[in-house]
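These are the residues of each chain, in order.
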Amino acid sequence: MLGGASPVSAAAYPNPGRVTGDTGTHDPAVVRAPDGRYILAATGNNLSLKTSTDRIAWRNAGAVWPGGAPWTTPYTGGGRNLWAPDISYHNGQYYLYYSASTFGSQRSAIFLATSPTAASGSWTHQGLVIESSNAVNYNAIDPNLVVDASGQWWLSFGSFWSGIKLIRLDPSTGRRSTSDTSVRSLASRPNAGGAVEAPFIQRRGGYYYLWVSFDRCCQGASSTYRVMVGRSTSVTGPYTDRNGTPLTSGGGTEVLAGHDAIHGPGHQAVLTDGGGDVLFYHYYANSGASFLGINLIAYDAAGWPYVY
């Protein structure tokens, strides 16, 4: 795209960049280690880990919990499949927030683990951060940690029901704040069956960008997931799209959608790397299998992101 032009139609969306090796993944999140390695965490039995030295060739790095995670089974119906981890590095430790639930259920929980190395088996269970049930109007899955400009920690999360939420964390523990227990609303789709999930908040310049996935995940090549974004000058919102529509009223500017043999791209994460921003996501092939997608992000003259 020339001159920072905005994307035109879905047909113009780029294919994912080249990746090789162990590229099957779902709900990827990526951190760059101090030694330059990339570490990817993803949905899987006991949570899946992969590594890369160049962001192209990926290899399997085992499971976060090779011995299992029994504290999650009350939420998973006894299953080992854990969802949508969020991985980041702070204060010499890796922080991993992740979800335990079953498909379509509001009986869900987000837990925290920490590790000095991020290697399989090196993680310490740090406990429950937040849970949901039919007693509340949200679903506690799809966590993402953001540190605001003042150093305060926040966790966004949410899927369907009343949408995307934000809670304050205590930076000293990574757990929920005991002094500010408000559950703030960031995005919802009341006129689309509630189909918004997978929040990721990126701080860039004077804005916080709230990336979300609209529509339906997890249906193979029939998935309709697409990547949307809004922004705010405050981490707590209100977030609006390019047209000024609040994300709490169903707003969102589309950045990536299905095209050609790329179906249902979504559950995105953003990594600032090498002076630029990189979008990680999963998509489904015609076979129905899910794979890692990576594209670079650029910004138009008004500061709205697009991928190339």
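Everything discussed here concerns the structure shown above.
Thresholds, definitions, all that
Residues numbered from 1 in each chain as written. Predicted model: local features only at pLDDT ≥ 70, side-chain atom pairs only at ≥ 80, totals over all residues. Heavy atoms only, no water. Helix = DSSP H or I, 4+ residues; strand = E, 2+ residues; numbered from the N terminus. Rg over C-alpha atoms; globule rule 2.2 N^0.38 Å. Buried < 20%, exposed > 50% of the residue type's maximum accessible area, 1.4 Å probe, protein only. Contact = heavy atoms within 4.5 Å. Areas by Shrake-Rupley, 256 points an atom, 1.4 Å probe, with all protein chains shown as cover. Pairing = 2+ DSSP bridges. Phe/Tyr/Trp six-rings, centres within 6.5 Å; stacked < 30°, edge-to-face > 60°. Core = buried A, V, L, I, M, F, W, Y, C linked by side-chain atoms within 4.5 Å. Salt bridge = Lys/Arg side-chain N within 4 Å of Asp/Glu carboxyl O.

## Brief notes about the overall build of the protein
Point 1. Looking only at helices and strands, the protein has one helix and 22 strands in total.
Point 2. Against the compact-globule benchmark of 19 Å for 308 residues, the protein has a radius of gyration of 18 Å, which places it among compact chains.
Point 3. Along the first, second and third principal axes, the C-alpha set of the protein runs to 50 × 40 × 35 Å.
Point 4. The burial tally for the protein puts 56% of its 308 residues in the buried class.
Point 5. Taking all contacts inside the protein whose residues are at least 6 apart in sequence as the whole, residues at least 24 apart take part in 51%.
Point 6. For the protein, the exposed area adds up to about 11800 Å²; of that, 49% sits on carbon and sulfur atoms.

## Focus: the sheet that holds strand β8 (residues 93-100)
Point 1. Taken together, the five strands give an open sheet; going across it, the order is β4-β7-β8-β9-β10, and neighbouring strands pair in antiparallel fashion. Across the chains shown, the open sheet's two edge strands, defined by having one partner strand only, are β4 (44-45) and β10 (124-132).
Point 2. As paired elements, β4 and strand β7 (residues 81-90) share two bridges and run antiparallel to each other. Looking at the pairing, Asn45 lines up with Asn81 of β7.

## Things to note about the packing of aromatic side chains
Point 1. In total, this model carries 12 aromatic pairs according to the counting rule given.
Point 2. Summarising the aromatic geometry, the rings of Tyr138 and Phe157 are spaced 5.6 Å apart at their centres and angled 75 degrees between planes, so their arrangement reads as edge-to-face. Pair noted here: Tyr138 is in the loop between β10 and β11 (144-147) and Phe157 is in strand β12 (residues 153-157), with a separation of 19 residues, a long-range link.
Point 3. Phe157 gets classed as buried once you look at its relative accessible area, which sits at 0%.

## Remarks on the pairing of strand β20 (residues 276-284)
Point 1. Counting buried positions along β20 gives eight out of nine residues, so the element sits mostly inside the fold.
Point 2. Relative to β20, strand β19 (residues 263-273) runs antiparallel, the two sharing seven bridges. Of the residues in β20, the one forming a bridge with Leu271 is Val278.
Point 3. Adjacent in sequence and paired antiparallel, β19 and β20 are bridged by two residues, among which Gly274 carries a positive phi angle near 65 degrees.
Point 4. Pairing geometry for β20 and strand β21 (residues 290-299), over eight bridges, is antiparallel. Paired with Asp277 across the strands is Ile297, a residue of β21.

## A look at the nonpolar core
A general trend in soluble globular proteins is that nonpolar side chains are found buried together.
Point 1. Formed by 22 residues in total, the largest nonpolar core has its most connected members in Ile39, Trp65, Ile87, Leu96, Tyr98 and Trp123.
Point 2. Listed by contribution, the elements that provide at least two residues to this core are β2 (29-32), β3 (38-42), β7, β8 and β9 (108-115).
Point 3. It is β8 that provides the largest number of residues to this core, a total of four residues.
Point 4. Setting aside residues no more than four positions away along its own chain, Ile39 makes contact with Ala29, Val30, Val31, Ala33, Leu49, Lys50, Thr51, Ile87, Tyr94, Thr117 and Ala118.
Point 5. Judged by nonpolar contacts, the second largest core, of 19 residues, contains Tyr13, Val229, Leu256 and Tyr299.

## A few points about the pattern of salt bridges
A pair can form between side chains of opposite charge whenever their charged atoms are brought close.
Point 1. Inspection of the entire model under this criterion finds 12 salt bridges.
Point 2. The salt bridge involving Arg32 is made with Asp273; its shortest N-O contact spans 2.7 Å. With a gap of 241 residues between them, Arg32 in strand β2 and Asp273 in strand β19 connect regions that are remote in the sequence.
Point 3. Owing to a relative accessible area of 9%, Asp273 belongs among the buried residues under this scheme.
Point 4. Taken together, the shared-partner salt bridges connect Arg189, Asp215, Arg226 and Glu254 into one network.

This is a description of form; function is not addressed.
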